[in-house]
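# Residue-level structure breakdown
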Amino acid sequence: MSNRATILYIDDEPDNLMAFKVIFRRQYRVFVAESAAAALQIIGQEKIDLVLSDYKMPKTTGVELLQIVQKNHPDVARLIVTGFGDIDIIRSAMKKGIVEQMINKPWDVEELKEIFSTTLQ
């Protein structure tokens, strides 16, 4: 069993998931999901330390997903990535403690490395 932190990244764009996994798999245990339903299934089966969710997805927004994660797994760090102008919704979620940090899309690898390092301490 590895003692590396575990990150779950949710995005409905398969290319983003593949790139994320390739970049971060050496430093972290990485799980990826294309939907909120798939993400919740993974969280139910694996110990996840940090969830990074895209905001804009079919059926469920990242904020809605992270609200479920917060309720059922309050110790899991919750971050959101967005390339859209729905900043007010995300800021509101941050004030409520649903989202811990917002990251602009397209994400920057070095920025994510720093954020993960700080968040997972």
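Remember, predicted model here, so these are calculated numbers, not experimental data.

Further remarks concern the sheet that holds strand β3 (residues 50–54). Two modes of strand pairing occur in sheets, parallel and antiparallel, and in both the strands are linked by backbone hydrogen bonds. As summarised here, the arrangement of the 5 strands in space is β2-β1-β3-β4-β5, forming an open sheet in which the pairing is parallel. Taken across any chain shown, the strands that pair with only one partner, and hence form the sheet edges, are β2 (29–33) and β5 (101–104). Along the sheet, successive strands turn relative to each other by an average axial angle of 20°, direction set aside. Sheet topology places strand β1 (residues 6–10) next to β2; 5 bridges connect them, and they run parallel. Counterpart to Ile-10 in the pairing with β2 is Ala-33. Set on the sheet, helix α3 (residues 62–72) makes contact with β1, β3 and β4 (77–82); between it and β4 the angle comes to about 180°.

We now examine the nonpolar core. By size, the foremost hydrophobic cluster in this structure holds 21 residues, and its most contacted members are Leu-8, Ile-10 and Val-51. Looking at this core, the elements with two or more residues in it are β1, α2 (36–45), α3 and α4 (87–95).

Attention now moves to the pairing of β4. Within β4, 6 of the 6 residues are buried, which leaves the element mostly enclosed by the surrounding structure. Neither face of β4 is left uncovered, since the one carrying Ala-77, Leu-79 and Val-81 and the one carrying Arg-78, Ile-80 and Thr-82 both have all their residues buried. When β3 meets β4, the two strands line up parallel, connected through 5 bridges. Residue Val-51 lies in a different strand from β4, and its bridge partner there is Arg-78. The handedness of the β3 to β4 crossover, carried by α3, is right-handed. The pairing of β4 with β5 spans 4 bridges and is parallel. Each residue of the ladder has a partner; that of Leu-79, found in β5, is Gln-101. Tracing the backbone out of β4, into α4 and back to the parallel element β5 gives a crossover that is right-handed.

A cis amide bond links Lys-105 to the next residue, Pro-106, at an omega of 5°. Mapped onto the secondary structure, Pro-106 falls in the loop between β5 and α5 (109–119). With a phi angle near 75°, Lys-59 is a residue other than glycine that sits in the positive phi range. Note that Lys-59 resides in the loop between β3 and α3. We classify Lys-59 as exposed; its relative accessible area is 87%.

What follows covers helix α1 (residues 14–24). Residues of α1 that are buried: Asn-16, Leu-17, Phe-20 and Phe-24. Across the axial projection of α1, the buried residues extend over an arc of 100°, all falling on one side. Facing away from the buried side of α1, by more than 90 degrees, are the exposed residues Asp-15 and Met-18.

Cut-offs used in this document
- Per-chain numbering applies: the sequence of each chain, read as written, is numbered from 1 onward.
- Per-residue local features of the predicted model are confined to residues with pLDDT of at least 70, and side-chain atom pairs are confined, for both listing and counting, to 80 or more; whole-chain, interface and lining totals are unaffected and use all residues.
- Side-chain metrics in this entry use all non-hydrogen atoms of the structure; hydrogen atoms and water are not considered.
- Paired strands, in this sense, are two strands between which DSSP finds at least two bridges.
- Each helix is a run of DSSP H or I of at least 4 residues and each strand a run of E of at least 2, with the numbering of both proceeding from the N terminus.
- Angular values range over 0 to 180 degrees, each being the angle between N-to-C directions of two axes fitted as lines to C-alpha atoms, with helices fitted over their stretch in contact.
- Whether two residues are in contact is decided by their heavy atoms: any pair within 4.5 Å suffices.
- Only buried Ala, Val, Leu, Ile, Met, Phe, Trp, Tyr and Cys residues count toward a nonpolar core, and they belong to the same one when joined by side-chain atoms within 4.5 Å.
- Note on exposure labels: buried denotes an accessible area under 20% of the residue type's maximum, exposed denotes more than 50%, and partly exposed covers the range between, all computed with a 1.4 Å probe on protein chains only.
- Here a crossover is taken to be right-handed if, once the strands point away from the viewer, the path from the first strand over the helix to the second is traced clockwise.
- Arc definition: directions from the helix axis to the C-beta atoms.

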